[in-house]
Amino acid sequence: MIENTKKRKRNPNAQSELTTAQRGIIDANWRKLNSNGLLMEDKEKPARQENHYTGAFRRARKKKAQNHTDSVDADLQSLQIDDQAKPAASASVPAGPVRKEKRGTLTRFIAMDCEMVGVGYEGGDHMLARVSLVNKFGDCVYDKFVKPREEVKDYRTDVSGVRREDLLNGEDFAAVQREVAEILRGKVLVGHSLKNDLRVLFLSHPKRNIRDTSKYKPFKKITNGSTPSLKRLAKEILGIDIQQGEHSSVEDAKAAMQVYCTVAKAWESMLSEKRGNSKKTVEE
């Protein structure tokens with residue numbers, strides 16, 4: 001044994017040849033494993049969990065966030081939302097029910113939204129600047145700007161989207177008021193916070209023919225009892241984003257109509273029970 005060891009030490013070339021042969025075998029095995037996808041480097045690494053919480057405080061925060069999400073989901077499920085009335089997730093404008101009438105025709109249900117500008121002391125009062133009406137299918141049937149009846153202190157362009165030239169090219173208030181009143185006569189009016197819109201129009205509408213999405217009690221479950229905004233309803237129920245920057249009364253009216261359509265059957269059934277009859281008010 002000692003003699004063989006000494007011989008190996010005295011013959012470095014033999015040791016080098018042995019090392020080279022072993023290295024060749026290792027390389028061959030490495031390539032074989034690599035071709036079979038057995039190497040750890042070739043395997044996909046597990047995705048890193050984004051919401052990784054450690055410690056009592058972070059675990060409590062995660063639990064609170066999860067409970068809030070579950071609560072909102074449960075509230076939405078309890079609204080009896082009609083999935084057929086929901087738009088596609090990629091849609092930016094709500095889609096309406098199956099169409100039977102021609103585009104642009106008046107339907108029994110009309111949604112309205114108004115844009116206002118500031119007048120009076122420091123622009124604190126509201127004046128009608130634009131009014132838009134859409135039918136049940138989301139078609140815009142009326143959209144006009146209104147000439148100012150007094151000096152405008154604040155156009156509120158960043159929210160209203162209204163500019164000075166829009167009002168200068170608008171129509172007289174009396175004409176717009178008359179035309180809107182004629183369209184809404186005998187119709188079911190849909191909208192969000194309609195009290196404000198009717199006030200600036202100096203119009204009234206029968207309470208039994210108003211469907212205000214800000215007053216529908218089941219929707220308040222989404223905001224824990226407070227009045228939900230149209231933007232919140234559109235996001236939670238329709239899955240779309242509206243009012244990104246300048247508002248559009250046409251877009252808001254369409255969103256209000258679509259929100260109503262998702263719960264129309266349950267809403268009308270509830271009203272019918274309150275009135276003590278079984279008459280259906282939802283269009284077939």
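Each chain carries its own residue numbering, running from 1 in the written order of its sequence. Totals for whole chains, interfaces and linings use all residues, but because this is a predicted model, local features are given only for residues with pLDDT of at least 70 and pairs of side-chain atoms are given and counted only at 80 or more. Here the side-chain values reflect all heavy atoms present in the structure, with hydrogen atoms and water set aside.

A. Structural detail: the overall build of the protein chain. Each helix corresponds to a stretch of at least 4 residues labelled H or I by DSSP, and each strand to a stretch of at least 2 residues labelled E; elements are numbered beginning at the N terminus. A tally of regular secondary structure across the protein chain gives ten helices and six strands. When accessible area is computed with a 1.4 Å probe and restricted to protein chains, residues below 20% of their type maximum are described as buried, those above 50% as exposed, and intermediate ones as partly exposed. Taking all 284 residues of the protein chain together, the buried fraction comes to 36%. Pairs at least 24 apart in sequence give 62% of the contacts found in the protein chain among residues at least 6 apart. Roughly 18,300 Å² of accessible area belongs to the protein chain as shown, and the carbon and sulfur atoms make up 49% of that amount. The criterion used for residue contact is that any of the two residues' heavy atoms lie within 4.5 Å. For every accessible area listed, the method is Shrake-Rupley and the probe measures 1.4 Å; residues are considered covered only by the protein chains on display.

B. How the structure looks around the side chain of N135. Inspection of the secondary structure assignment puts N135 in the loop between β2 (125-134) and β3 (140-145). Residue classification places N135 among the buried positions, given a relative accessible area of 0%. Any pair of nitrogen or oxygen atoms within 3.5 Å is treated as a polar contact; in protein, a donor-acceptor pairing is required on top of that, and neighbouring residues in sequence qualify only through side-chain atoms on both sides. A distance of 3.0 Å separates a polar side-chain atom of N135 from the backbone nitrogen of F137. Each residue touching N135, except ones within four places of it in the same chain, is listed here: G104, T105, T107, F109, I110, V141 and M257.

C. Region of the structure containing the environment of V134. Here V134 is to be found in strand β2. Separated by 25 residues in the primary sequence, V134 and F109 place their C-alpha atoms 8.8 Å from one another. Leave out the neighbours within four places in its chain, and V134 touches F109, I110, A111, D139, C140, V141, V250, A253, K254 and M257.

D. Broad picture of the pattern of salt bridges. A carboxyl oxygen of Asp or Glu within 4 Å of a side-chain nitrogen of Lys or Arg is what we treat as a salt bridge. In the structure shown here, the tally under the stated rule is eight salt bridges. The salt bridge partner of R211 is E268, with a shortest N-O separation of 2.7 Å. With R211 in strand β6 (residues 210-212) and E268 in helix α10 (residues 264-275), this pair connects stretches of sequence that are 57 residues apart. With respect to burial, R211 and E268 carry one shared label: buried.

E. Broad picture of helix α8 (residues 230-238). Within α8, the full set of buried residues consists of L230, L233, A234, I237 and L238. The arc that holds every buried residue of α8, seen down its axis, measures 100°, which confines them to one face. After α8 finishes, the residue G239 shows a positive phi value of roughly 75°. By construction, the arc corresponds to the directions joining the helix axis to the C-beta atoms.

F. Highlighting the packing of α8 against helix α9 (residues 249-262). Between N-to-C directions, angles span 0 to 180 degrees; the directions come from axes that are lines fitted to C-alpha atoms, helices contributing only their stretch in contact. The N-to-C vectors of α8 and α9 enclose an angle of 50°; their axes lie 10 Å apart at closest approach. Overall, the two elements α8 and α9 adopt an arrangement that is oblique. For α8 against α9, the interelement crossing comes out left-handed. Between α8 and α9, the residues in contact are L230, L233, I237 and L238 and D252, A255, A256, Q258, V259 and T262, respectively. Basically, the charged four are Asp, Glu, Lys and Arg, the nonpolar ten are Ala, Val, Leu, Ile, Met, Phe, Trp, Tyr, Cys and Pro, and anything else, Gly included, counts as polar. Of the residues contributing to the contact of α8 with α9, the split by class is seven nonpolar, two polar and one charged. Should an angle lie under 35 degrees it is considered roughly parallel, over 145 roughly antiparallel, and from 65 to 115 roughly perpendicular; all remaining angles are considered oblique. Note: crossing handedness is left-handed where the near helix turns anticlockwise from the far helix by less than a right angle, and right-handed where it turns clockwise.

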